[in-house]
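# Working through the structure, step by step
Listed here are the chains, written in short residue letters.
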Amino acid sequence: MLATETSDIRLQTLQERQEQLIQEYLKQDTSAAPSFLKKQSLLLDDYFHESYEHSAVGPAININKNPYAIVALGGYGRQEQCIHSDVDLLFLFENSIPDEAAALVREFIHPLWNIGMDVGYTVQTPDGCIQLAQKDVEMLTSLLDSRFICGISPLYSKLRDQFRKTFMKDQAGDVIDRVIQRNRERHDRFGDSSYLLQPNLKEGDGGLRDYHTIMWIARIKADVQQPRDLEYYGCMSADEFQRLIRSLAFIWHVRNHLHDLAERKYDQLLFRYQEEIARRMKYRKRNSQLPVERFLGELHGHMNFLKQHEQMQVYEMENEKRPRRGRKPRSASLVEGLQVRRGMLGFVSSRIIPENPFLLMQIFEESARLQLPLSPEARRLVREFLHLVTKQFRTAARAVHSFEQILLSSPSRFNVLEAMNETGFLVRFIPQFNAVLNRIQYDEYHLFPVDKHLLRTVDMIKLFGTTEDPTGKPLCAEIYQRLESPVLLLWATLLHDVGKGKSEGDHSTTGAEVVREIMTVKGYSPEEVDTVSFLVAEHLFLVKIATRRDIQDEETALLCARRIKKIDRLDMLYLLAVADSASTGPKAWNAWTASLMEGLYLNVLSVLRTGELTSTEAVTVMDRKKTLLMEAADTNREQEEIEALFHYMSPRYLLYTPTHDLKDHIALYRRLGDARFIWEISQNIVSDTRTLTLCARDFPGLFSKIAGVFTLNSIRILDAQVYTWRNNIALDVFEVEPPPDRLYEQVKWQQAAEALEATLSGEMDIDTTLRERLSEYGYTRPKPVSGQRHLNRVEIDNESSSFFTIIEVFAYDHPGLLYGITDALFKSRLDVWIAKIATKVDQVVDVFYVRDFDGQKIESPDQLAMIQTEVQKVLGEIL
């Protein structure tokens, strides 16, 4: 039989056996994953064995004079061959690489390339491999995982001996440092996968690379060959090793399903794959948790286990380095029964723990004080003695005091609360915390599981005033430093989302009830309990008001002040709101949100300190502004013009618009002349937004046309203040995101101006143009990530404002949505005076302060129902 025919048969056999193996495996549960990976690898081994045996090129090389071997590298070397994993090979020659090597590579690899398999290779001598490994850490780790497949085995043994001599003796410390540094670079690039809702299963913190790093370090230190050796050499307890096996099996199983769905090697678990994998793995809804949320919760638990063990091994390696002579020893523990060894905190003996159970809390307090992690043995002992954390322990004043010291401690490289959570101690001390453990809130807005978010938010509070302060401003630090009871704020921060563990009800209200129970049991006074419960109940209040209400309106500040009542509560509520938003993710916290929050806080603080503005004070403020403008006028004619314009301007506009803006607006009005509109654009460096001030001749529907033009030009409105002077002049101030392409920003603004001119002149029908543009791009409404958990809705508030009806629209975002809503409001004979636009990734909350064309609030129930119906129609359609 011809060589090509036998090659084709081998290839066909490989494909058929792989397909059968994959189909059988995908029907099984996670426990089948390790066996599947090995079987996949053995199928490839068989293929290469047969290819070697029937090689047409091999005899020409003269294997006796020029020995060669084929070696598996990387994941194939570890026998961790997932469905679409790479196949990495080393063609190893003893002394020199013959001319026939290229033909040998083609013979072995090209058939696999032809069927779409991702095969990588290198051709080297043992000396060449060593030289490459000295330069490239990826080559070094690939050789650590290498495995002989076929050829001359003594040649492979020679490479292994040479590798051990070079890297696993005198250079072992430097090699481990290189491996650790490379893994840190991966973490920086791919993020903490044990936290993120779209984790990288391989490269992120908590991914499979952390397990590989554990094995690489163990191989360099002790020539560990198999995972089982980790237990044998004391790197893990028997229980931890079993957890490792379960965690690896779970992650491998998820990765295989991901490969199958993506039809290629792919390790980023994107939202679009998660629900299907949860379905395949037979997750069911339970206690209001979606199947995908339960699946992700379990995945994060396994990834967190890998992350914790990689961190501990790395820390142990860093502290094994011999100290320099004369260096003072690290800080010692002041607690009897605890000791510091090799830079880690541990118990002197396991026997003393039952005699003094409070050591279980004190070791974490000492960890926070000394900024040292618990040793692996100490963590194991904490888990082993968790049964000693009884009700009496949880309510003891000394235990509560120790926990307060942990809450108040400075931020550290080692998150003590995270260690308490990982060992199970936090749940034993606060049993209600168990309900949010690894609990997922499945949307693109929340980046982290609930328990990780809570711990992250506490850390965020502690960062205020440091170089890592997420706000970048001194305000939060100043407020935090003047708090009389920061520990109450930290309790509220740790527990603000604990209500999400309940299946029903608003999580803020539910959480406040849970917190009241926790704080009472812990022995706090009724006043302290009320404060923490209030903070939990209202932790979203300031954010909602800042993003959904007109913060320039005194009524907004009064509403907040009447609800909050005390300055110290305002301070704590503001800090909690900032930390919560900053910990949720960039879609919840950005420069624009920060500026709104700070403005609202200062307004409410002013009301709490000085009381409400009286009508006399308001008149005084407006008269002062008028006087300043008159004094700045160059001529009598300008003064007369200012006098006349003040009669056209509304009291609200005059009261809340700064004097320098009034001056600029009047100058803009003067330039309008006979034009339909004129605008000016300024850059807000603090919030990285643009303020667009537009002066135009007013007419019903102007706002919706502007919104349509902005949509057409990819300009997103964040906030709008719409003022109509009584001389029929519209003075609108928009806060917008800059165009995506900053390089050609001026060009984009010019295009938008031309489009608005064409729209206002009637040359362009903005409705038709938008529909054509969306059709041209083949737009279809995206499927909500959260499985339609949050339905589109319209709410009308006639209580919060004395002069406006407030319409709130909650909807999944899509191009043209804002235009559609404002057009529906215009057709309902409503004028938009203020607009607040907040986007939560896939969902928006658009808020409009409106009056009817006669300038009145909408009071008629029939008209209110009609408005809701018209806007709902828009939400159910695509432009």
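Here, residues in each chain are numbered from 1, in the same order as that chain's written sequence. Local features in a predicted model are, by the rule used here, given only for residues with pLDDT of at least 70; side-chain atom pairs are given and counted only at 80 or more, and totals for whole chains, interfaces and linings are based on all residues. Calculation of side-chain values draws on the structure's entire complement of heavy atoms; hydrogens and water are dropped beforehand.

Turning our attention to the overall build of the protein chain. A count of helices and strands for the protein chain gives 39 helices and 14 strands. Oriented by its inertia axes, the alpha-carbon framework of the protein chain measures out at about 105 × 75 × 55 Å. In the protein chain, which comprises 879 residues, the share counted as buried stands at 56%. Two residues qualify as a contact provided that any one of their heavy atoms is within 4.5 Å of a heavy atom in the partner residue. A separation of at least 24 residues holds for 71% of the contacts in the protein chain among residues at least 6 apart in sequence. We get accessible surface area from the Shrake-Rupley algorithm with a probe of 1.4 Å; when it comes to residues, only the shown protein chains can shield them. As presented, the protein chain carries roughly 39,400 Å² of accessible surface, and 47% of it is formed by carbon and sulfur atoms. Charge assignment: positive for Lys and Arg, negative for Asp and Glu; neither His nor the chain ends contribute. Charge placement uses NZ in Lys and CZ in Arg. For Asp and Glu, CG and CD serve respectively. Computed over 107 positive and 125 negative side-chain charges, the inter-centroid distance for the protein chain is 5 Å. Runs of E in the DSSP output that reach at least two residues are strands. Runs of H or I that reach at least four are helices, and both are numbered from the N terminus. The rule is simple: take the accessible area with a 1.4 Å probe, protein chains only, and divide by the maximum for that residue type; under 20% is buried, over 50% is exposed, in between is partly exposed.

Attention now goes to the pairing of strand 1 (residues 68-73). By the criterion of burial, strand 1 is predominantly enclosed, with six of the six residues buried. Here strand 1 shows two buried faces, one formed by Y68, I70 and A72 and the other by A69, V71 and L73. Paired strands, as defined in this entry, are two strands with at least two bridges between them according to DSSP. In this structure, strand 1 lies alongside strand 2 (residues 87-93), joined through six bridges in antiparallel fashion. Bridge pairing in strand 2 links I70 to F91. Pairing of strand 1 with strand 4 (residues 147-151), which is carried by four bridges, proceeds in the antiparallel orientation.

Working note: a packed helix pair is described by the angle between its axes plus the distance between those axes. Closest axis-to-axis distance for the helix 24 (residues 486-495)/helix 25 (residues 507-521) pair is 11 Å, and the angle between their directions is 135°. As far as their axial angle goes, helix 25 and helix 24 are oblique. Helix 24 and helix 25 meet at a crossing whose hand is right-handed. Together, L488, W491 and L495 of helix 24 and V515, I518 and M519 of helix 25 make up the contact between the two elements. Of the residues that constitute the contact of helix 24 with helix 25, the class distribution is six nonpolar, no polar and no charged. Where helices are involved, their axes are fitted lines through C-alpha atoms of the stretch in contact, as for all axes, and angles between N-to-C directions lie from 0 to 180°. Each angle receives one of four descriptions, namely roughly parallel if under 35 degrees, roughly antiparallel if over 145, roughly perpendicular if within 65 to 115, and oblique otherwise. The hand of a helix crossing depends on one turn: near helix anticlockwise from the far one by less than a right angle means left-handed, and clockwise means right-handed. Each residue gets one of three labels, nonpolar for Ala, Val, Leu, Ile, Met, Phe, Trp, Tyr, Cys and Pro, charged for Asp, Glu, Lys and Arg, and polar for the others, Gly among them.

This brings us to the packing of helix 16 (residues 359-370) against helix 20 (residues 416-423). Look at helix 16 against helix 20: their axes get within 9 Å of each other, and the N-to-C directions meet at 150°. Classified by the interaxial angle, the pair formed by helix 16 and helix 20 is roughly antiparallel. Note on packing geometry: the crossing formed by helix 16 with helix 20 is right-handed. Of the residues in helix 20, those touching helix 16 at M361, F364, S367 and A368 are V416, A419, M420 and T423.

Moving on, we get to the environment of G151. Tracing the backbone through its elements, the reader meets G151 in strand 4. What makes G151 partly exposed here is its relative accessible area of 21%. In the structure, G151 is positioned 88 residues away from I63 in sequence and 8.7 Å away in space, judged by C-alpha atoms. The residues contacting G151, other than those within four sequence positions of it, are Y52, Y68 and A69.

Pairing of aromatic side chains here covers Phe, Tyr and the six-membered ring of Trp, requires ring centres within 6.5 Å, and sorts the geometry by plane angle: under 30 degrees stacked, over 60 edge-to-face, intermediate tilted. Applying the stated rule across the entire model yields 34 aromatic pairs. Among the aromatic residues, ring-to-ring pairing joins F358, F364, F393, F403, F425, F429, W491 and Y524 into one connected group. The cationic tip of R147 hangs over the ring face of Y76; the distance from NZ or CZ to the ring centre is 5.2 Å. Note on criteria: charge over ring means Lys NZ or Arg CZ within 6 Å of the ring centre, with the direction from the centre no more than 35 degrees off the ring normal.

Think of a salt bridge as a Lys or Arg side-chain nitrogen and an Asp or Glu carboxyl oxygen that are within 4 Å of each other. A complete count under the given rule lists 41 salt bridges for this structure. For D45, the salt bridge is made with R147, and the minimal N-O distance between the two is 2.8 Å. A residue pair is termed long-range when its members are at least 10 positions apart, and D45 in helix 2 (residues 33-53) and R147 in strand 4 qualify at 102 residues. Residues D45 and R147 agree in their burial class; the two are buried. Put simply, R771 and D767 hold a salt bridge, and the shortest N to O gap is 3.1 Å. Residue R771 and its partner D767 are located together in helix 37 (residues 766-776), separated by four residues, close to a single helical turn. Take D767: its relative accessible area is 22%, and that puts it in the partly exposed class. Each member of the salt-bridge network shares a partner with another, and the members are E138, R182, E185, R186, E203 and R209.

Although it is not a glycine, N728 adopts a positive phi angle of roughly 70°. Its location among the elements puts N728 in the loop between strand 9 (717-725) and strand 10 (729-736). With a phi close to 65°, R829 is a non-glycine residue in the positive phi region. Considering the arrangement of structural elements, one finds R829 in the loop between helix 38 (817-827) and strand 13 (830-840).

The next subject is the environment of L628. If you trace the backbone, L628 turns up in helix 31 (residues 615-632). Along the backbone, L628 and K663 are 35 residues apart, and their C-alpha atoms lie at a distance of 9.6 Å.

The next point concerns the sheet that holds strand 3 (residues 119-124). Overall, mixed pairing links the four strands, which are arranged 3-2-1-4 in an open sheet. Of all strands in the sheet, those with a lone pairing partner are strand 3 and strand 4, marking the two edges. If you compare each strand with its neighbour and ignore which way they point, the axes differ by 25° on average. Relative to the sheet, helix 8 (residues 153-167) contacts strand 1, strand 2 and strand 4, its axis offset from that of strand 2 by approximately 100°.

Locating G204 in the fold gives a position in the loop between helix 9 (172-190) and helix 10 (208-222). Separated by 355 residues in the primary sequence, G204 and L559 have C-alpha atoms spaced 45 Å apart.

The next thing to look at is helix 12 (residues 238-262). The length a helix should cover is 1.5 Å for every residue beyond the first. Under the 1.5 Å per step criterion, the end-to-end length of helix 12 is 36 Å for 25 residues, consistent within 8% with the ideal 36 Å. Just downstream of helix 12 lies E263, where phi reads positive at about 60°.

With that out of the way, let us pick up the nonpolar core. One finds F403, F425 and W491 to be the most contacted residues of the largest nonpolar core, which totals 108 residues. With ten residues, the top contributor of residues to this core is helix 29 (residues 567-584). Apart from the residues within four sequence positions on either side, W491 is in contact with F403, E404, L407, F429, I430, I518, M519, K522, Y524 and V532. Nonpolar cores are built from buried Ala, Val, Leu, Ile, Met, Phe, Trp, Tyr and Cys residues. Side-chain atoms within 4.5 Å join them into one set. Counting residues in each nonpolar core, the second largest holds 74 residues, with I109, V224, L270 and L306 among its members.

With that settled, the discussion passes to the pairing of strand 2. By the criterion of burial, strand 2 is predominantly enclosed, with six of the seven residues buried. Judged from the six bridges that link them, strand 2 and strand 3 form a sheet pairing that is parallel. Considered in strand 3, the bridge of L92 is made with Q124. When the strands point away from the viewer, a crossover counts as right-handed if the route from the first strand across the helix to the second turns clockwise. Traced from strand 2 through helix 5 (residues 101-114) to strand 3, the parallel crossover comes out right-handed.

Let's shift gears to a nonpolar patch on the surface. Put simply, a patch holds well-exposed residues, over 30% relative accessible area, that have no salt bridge, with like charges counted together within 9 Å and Val, Leu, Ile, Met, Phe, Trp or Tyr side chains within 5 Å. The grouping of L743, Y744 and V747 at the surface amounts to a nonpolar patch, some 360 Å² of accessible area in total. Its location among the elements puts V747 in helix 36 (residues 745-761). On the basis of relative accessible area, V747 is assigned to the partly exposed category, the value being 44%.

A few words now on helix 19 (residues 397-408). The first and last C-alpha atoms of helix 19 sit 16 Å apart over twelve residues, in line with the 16 Å expected at 1.5 Å per residue. For helix 19, the secondary structure elements touched by its buried residues are helix 16, helix 18 (391-395), helix 20, helix 21 (425-429), helix 22 (450-463) and helix 24.

Let us look at the confidence of the model for the protein chain. This prediction gives the protein chain a mean pLDDT of 87; 92% of its residues lie at or above 70. Ranking the elements of the protein chain by mean pLDDT puts strand 13 last with 77 and helix 26 (residues 526-537) first with 97. Values of pLDDT, which run from 0 to 100, indicate the predictor's confidence residue by residue. Across residues 785-789, confidence stays below pLDDT 50; counting only partners more than four residues off in sequence or on other chains, it has 15 contacts.

Glancing now at the state of the cysteines. Note on terminology: disulfide denotes any pair of cysteine sulfur atoms within 2.5 Å. Per the stated rule, a full pass over the model turns up zero disulfides. A disulfide-free cysteine, C129 has its sulfur positioned 15 Å from the sulfur of C150, the nearest such atom. Here C129 falls in the buried class, since its relative accessible area comes to 0%.

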